[in-house]
Amino acid sequence: MNRTLRTPADLAAAGLVDEAAVAALEPVSRRYAIAVTPAVAALIDPADPVDPIGLQYLPDPAELTLSAGEDPDPIGDAVRSPVKGIVHRYPDRLLLTATHACAVYCRFCFRREAVGPGGAGGLTPDELDAALAYIAGRPEVWEVILTGGDPLILSPRRLKDLVTRLADIPHLRILRVHTRLPVADPARVSAALVRALSGSRLTLAVGVHVNHPRELTPEADAALARLGRAGAQLLSQTVLLKGVNDRIEVLGELMRALVERGVRPYYLHHPDPAPGTSRFQVSIEEGQALVRGLRGRYSGLCQPTYVLDIPGGFGKVPAGPGWLEPGPDGLTATDPWGGRHDLDR
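These numbers come from a predicted model, not from an experiment. Each chain carries its own residue numbering, running from 1 in the written order of its sequence. A pLDDT threshold of at least 70 governs which residues receive local features in this predicted model, and a stricter bar of 80 or more applies before side-chain atom pairs are shown or counted, although totals over entire chains, interfaces and linings include all residues. For side-chain calculations, the full set of non-hydrogen atoms in the structure is used, while hydrogens and water are omitted.

(A) Region of the structure containing the pairing of strand β6 (residues 233-239). Among the seven residues of β6, six are classified as buried, and the element is accordingly described as predominantly covered. Any two strands between which DSSP finds at least two bridges are classified as paired. By the criteria applied, helices consist of DSSP H or I runs no shorter than four residues and strands consist of E runs no shorter than two, each listed in order from the N terminus. Alignment of strand β5 (residues 203-209) against β6, held across five bridges, turns out to be parallel. Residue pairing in the sheet places V206 in a bridge with L234 of β6. Whether a crossover is right-handed comes down to one check: with the strands pointing away from the viewer, does the path from the first strand over the helix to the second run clockwise; if it does, it is right-handed. Once the chain exits β5 it traverses helix α9 (residues 218-229) before rejoining the sheet at β6, and the crossover so formed is right-handed. With five bridges connecting them, β6 and strand β7 (residues 264-269) associate as parallel partners. The residue bridging Q237 from the neighbouring strand is Y267, located in β7. For the handedness criterion, the β-α-β arrangement of β6, helix α10 (residues 248-260) and β7 is classed as right-handed. Burial classes follow relative accessibility: with a 1.4 Å probe on protein chains only, a residue under 20% of its type's maximum area counts as buried, one over 50% as exposed, and anything between as partly exposed.

Structural data, given as structure tokens:
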């Protein structure tokens, strides 16, 4: 199989879903985009109904069941969007959405209502001009985060043009790119694409979305190495997902694997309540327990920040456990193994 699978029939022909399931998956495909690249398809074990790779990428009829609290815009992008393509939530940084297309479509995506062929679409030339003018008119903006969709699906030519225009804005210093491409379609992280991304005065950071250690294949390693050799600071973004990585052993293995590849564990995201994603949800208490376990068993290099996006557009906050709390005569500290200790200070 050497092409991206985009329909339930494609998935069945590749042996990733049963033929009998195609009819039930057709309504899902009409609502939410499907794309499974050859690189991802090769990782899925079709004999395992709870395969952690398959769960992330293969559609499920449960996606059409809405649960209480789910929201088409769960983190409030729309209320923080002053012009199309911009989300400006914090004073010194903002998101620039260059495209709403992805190489793959994750079944838990918090922007699933906007991405894909039936989604919000990319920016027209006039809309991109307006977005860049917004950035240029705000000298407090120090960092631009290219997101989407996946900005690295842009051609090297278009990506170079965009990076060049951003670098021409004098007050910008940092370009951060959020992408799934190094694990989802690593061959597309070509030398030409890396040159287009890295050839400016801006300091480059690349946030790589990876949720399971099996996604870090030799091909993904090579893609990450190409970005690292070009001077990119590599950061990880992991979504905490029930059935995928909600065990301490899996998270620990993933974080170690990232560090070994020169990728700094950055964020462990509490899953956002996007429509039809309840099967992936874990409680904050479960997430905090996992964070305690990571701290107790794995190197300090392997500790991402557990974060929650407050619904309504109010930003991210750390959601990890409280290690210090008021005690009878000062503070009480809880160690990584659950022991409590009074501090005389």
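(B) Spotlight on the sheet that holds β7. Strands sit in the order β1-β2-β3-β4-β5-β6-β7-β8-β9 across an open sheet of nine strands; the sheet is mixed. Single-partner strands in this sheet number two, and they are β1 (86-90) and β9 (316-318). The mean inter-strand angle of the sheet, taken between neighbouring strand axes irrespective of direction, is 25°. In this sheet, strand β4 (residues 174-179) lies alongside strand β3 (residues 143-147) in parallel orientation, the contact comprising four bridges. Bridged to I145 within β4 is R176. Note on contacts: a residue pair is in contact if any heavy atoms of the two residues lie within 4.5 Å. In this analysis, axes come from line fits to C-alpha atoms, helices being fitted only over the stretch in contact, and the angle between any two N-to-C directions falls in the range 0 to 180 degrees. The strands that helix α6 (residues 156-167) touches are β2 (93-97), β3 and β4; relative to β3, the one it contacts most, it runs at about 160°. Seen against the sheet, α10 touches β6 and β7 and runs at an angle of roughly 165° to β6.

(C) Local environment of the sheet that holds strand β10 (residues 324-327). Ordered in space as β10-β11-β12, the three strands form an open sheet in which the pairing is antiparallel. At either end of the open sheet lies a strand with only one pairing partner, and these are β10 and β12 (340-343). Looking at each pair of strands side by side, their axes are set apart by 35° on average, direction ignored. Across four bridges, β10 lies against strand β11 (residues 330-334) in antiparallel orientation. Note on β11: the bridge partner recorded for E325 is T332.

(D) Highlighting the packing of aromatic side chains. In this analysis, rings of Phe, Tyr and Trp, with Trp reduced to its six-membered ring, are considered paired at centre separations within 6.5 Å, and the interplanar angle assigns stacked below 30 degrees, edge-to-face beyond 60, and tilted for intermediate values. For the structure on display, the rule yields two aromatic pairs. Centre to centre, the rings of F108 and F280 are 5.7 Å apart; their planes meet at 75°, and the pair counts as edge-to-face. With a gap of 172 residues between them, F108 in the loop between β2 and α5 (125-136) and F280 in the loop between β7 and α11 (284-297) connect regions that are remote in the sequence. The two residues F108 and F280 agree in class, both being buried. Note on Y266 and Y267: the rings are 4.1 Å apart at their centroids and 25° apart in plane angle, and the pair reads as stacked. Across the pair, Y267 and Y266 agree in class, each one buried. Only lysine NZ and arginine CZ atoms are considered, and such an atom sits over a ring when it is within 6 Å of the ring centre and within 35 degrees of the ring normal. Stacked on the ring of Y90, the Lys or Arg R93 has its end atom at 4.0 Å from the ring centre. The ring of Y134 carries the charged tip of R138 above its face, separated from the ring centre by 3.7 Å.

(E) Quick peek at empty space enclosed by the protein. A pocket, in this scheme, is an open set of points on a 1 Å grid over the protein atoms alone with protein on both sides within 12 Å along at least 5 of 7 lines, while a cavity is a set where a 1.4 Å probe fits but cannot get out; residues line either one if an atom lies within 4 Å of a point. Grid points are joined across faces, edges and corners, and a volume is the space filled by probe spheres set on the points. Enumeration over the complete set of coordinates arrives at one cavity of 30 Å³ or more. Estimated volume of the largest cavity: approximately 50 Å³. In terms of lining, the largest cavity is formed by Y32, A33, Y105, C106, R107, C109, R112 and V115.

(F) Quick look at the layout of surface pockets. Of the voids in this model, the largest pocket is the one considered here, and its volume is about 880 Å³. Surrounding the largest pocket, 45 residues form its lining, F110, R111, T147, H178 and Q237 being those nearest its centre. Here the residues of the lining of the largest pocket sort into 24 nonpolar, twelve polar and nine charged. The computed volume of the second largest pocket comes to approximately 410 Å³. Lining the second largest pocket are 21 residues, and of these L16, V17, P49, L58 and P59 lie nearest its centre. Listing elements by their share of the lining of the second largest pocket, those giving two or more residues are α2 (22-31) and α4 (52-57). When grouped by side-chain class, the residues that make up the lining of the second largest pocket number 13 nonpolar, two polar and six charged. As a working rule, the residues Ala, Val, Leu, Ile, Met, Phe, Trp, Tyr, Cys and Pro are called nonpolar, Asp, Glu, Lys and Arg charged, and the rest polar, with Gly in that last group.

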